[in-house]
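# Observations on the model geometry
So you can see what is in the structure, the chains are spelled out below.
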Amino acid sequence: MGTPGRPQGNPKGETEQANALADFLRELTVGVTVRQLGERYRSGKTSWGEYRSGAKAIPFHLLERIINDREHDPRLRTTLLARARHLHDEAEAAGNGPRPCGSTG
């Protein structure tokens, strides 16, 4: 899709699961800028930056679209979709679970 923009720093999710999902998304979208993602998937650059940093969990339907768009081998696509579902579910569960004492948010 083009050359990447600014380099992405380390994931900034609140949980390991959020960071794992962000890392997976980064692998899927390597070489694609947040601007390009926003244009392609009709979402803002800020949201894509948050998804790729782990600050916000990407909606599963967007993750599914990316995989379907980028992977043409049906078996590999099925494997990636299963991994995406697993990582997404874990990130959602970790983000919605009880917070440790003394944490904010």
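Here's what I pulled together on the structure shown here. (Residues numbered from 1 in each chain as written. Predicted model: local features only at pLDDT ≥ 70, side-chain atom pairs only at ≥ 80, totals over all residues. Heavy atoms only, no water.)

## A word on the packing of helix α1 (residues 16–28) against helix α4 (residues 60–70)
The test is simple: Axes here refer to lines fitted to C-alpha atoms; in helices the fit is confined to the stretch in contact. Angles between the N-to-C directions go from 0 to 180 degrees. Secondary structure elements follow DSSP: runs of H or I no shorter than four residues count as helices, runs of E no shorter than two count as strands, and numbering proceeds from the N terminus. Roughly parallel means an angle under 35 degrees; roughly antiparallel means over 145; roughly perpendicular covers 65 to 115; every other angle is labelled oblique. Each crossing gets its hand from how the near helix is turned against the far one by less than a right angle, where anticlockwise is left-handed and clockwise is right-handed. Residues count as neighbours in contact if any of their non-hydrogen atoms are within 4.5 Å of one another. Amino acids are sorted into nonpolar (Ala, Val, Leu, Ile, Met, Phe, Trp, Tyr, Cys and Pro), charged (Asp, Glu, Lys and Arg) and polar (every other residue, Gly among them).
Between α1 and α4, the shortest axis-to-axis distance is 11 Å and the interhelical angle comes to 30°. In terms of their interaxial angle, α1 and α4 are classed as roughly parallel. The crossing of α1 and α4 is left-handed. Facing Leu-21, Phe-24, Leu-25 and Leu-28 of α1, the residues of α4 in contact are Leu-63, Ile-66, Ile-67 and Arg-70. Within the contact of α1 with α4, the residues separate by chemical class into seven nonpolar, no polar and one charged.

## Here we look at α4
A turn of α-helix holds 3.6 residues, and therefore any two residues three or four places apart point the same way. Applied cut-off: For every residue, the accessible area obtained with a 1.4 Å probe (protein chains only) is divided by the maximum for its type, and the residue is called buried under 20%, exposed over 50%, and partly exposed between those limits. Throughout, the arc means that of the directions going from the helix axis to the C-beta atoms.
Within α4 the residues assigned to the buried category are Phe-60, Leu-62, Leu-63, Ile-66 and Ile-67. Seen from one end, α4 has its buried residues packed into an arc of 165°, which puts them on one side.

## With respect to α1
For clarity, the threshold we go by: The span expected for a helix works out to 1.5 Å for each residue beyond the first.
The end-to-end C-alpha separation of α1 is 19 Å, in line with the 18 Å expected for 13 residues at 1.5 Å each. The complete set of buried residues in α1 reads Ala-18, Asn-19, Leu-21, Ala-22, Phe-24, Leu-25, Arg-26 and Leu-28.

## Some details on the packing of aromatic side chains
Test applied: Two rings belonging to Phe, Tyr or Trp (six-membered ring only in the last case) form a pair when the distance between their centres is within 6.5 Å. Interplanar angles under 30 degrees mark stacking, angles over 60 mark edge-to-face geometry, and anything in between is tilted. For a ring to carry a charge above it, either NZ of a lysine or CZ of an arginine must fall within 6 Å of the ring centroid while also lying within 35 degrees of the normal to the ring plane.
Applying the stated criterion across every chain, the model contains two aromatic pairs. Ring centres 5.8 Å apart and planes at 50° place the aromatic pair Tyr-41 and Trp-48 in the tilted group. As far as the burial class goes, Tyr-41 and Trp-48 line up, both buried. Seen in terms of ring centroids, Trp-48 and Tyr-51 are 5.3 Å apart; in terms of plane orientation they differ by 85°. Their pairing is edge-to-face. Taken together, the residues Trp-48 and Tyr-51, both in helix α3 (residues 45–53) and three residues apart, mark about one turn of the helix. For Tyr-51, a relative accessible area of 8% puts it in the buried group. Site record: aromatic cluster; members linked through ring pairs are Tyr-41, Trp-48 and Tyr-51. For Arg-85, the ring lying beneath its charged end belongs to Phe-60, and the centroid distance is 3.7 Å.

## What about the pattern of salt bridges?
Close approach of charged atoms allows side chains with opposite charge to pair. Stated precisely, the cut-off is as follows: The salt bridge definition used is simple: a Lys or Arg side-chain nitrogen within 4 Å of an Asp or Glu carboxyl oxygen.
What the rule picks out here adds up to four salt bridges. The salt bridge involving Lys-56 is made with Glu-50; its shortest N-O contact spans 3.3 Å. Under the relative-accessibility criterion, Lys-56 is labelled partly exposed at 36%. By relative accessible area, Glu-50 is classed as partly exposed at 26%.

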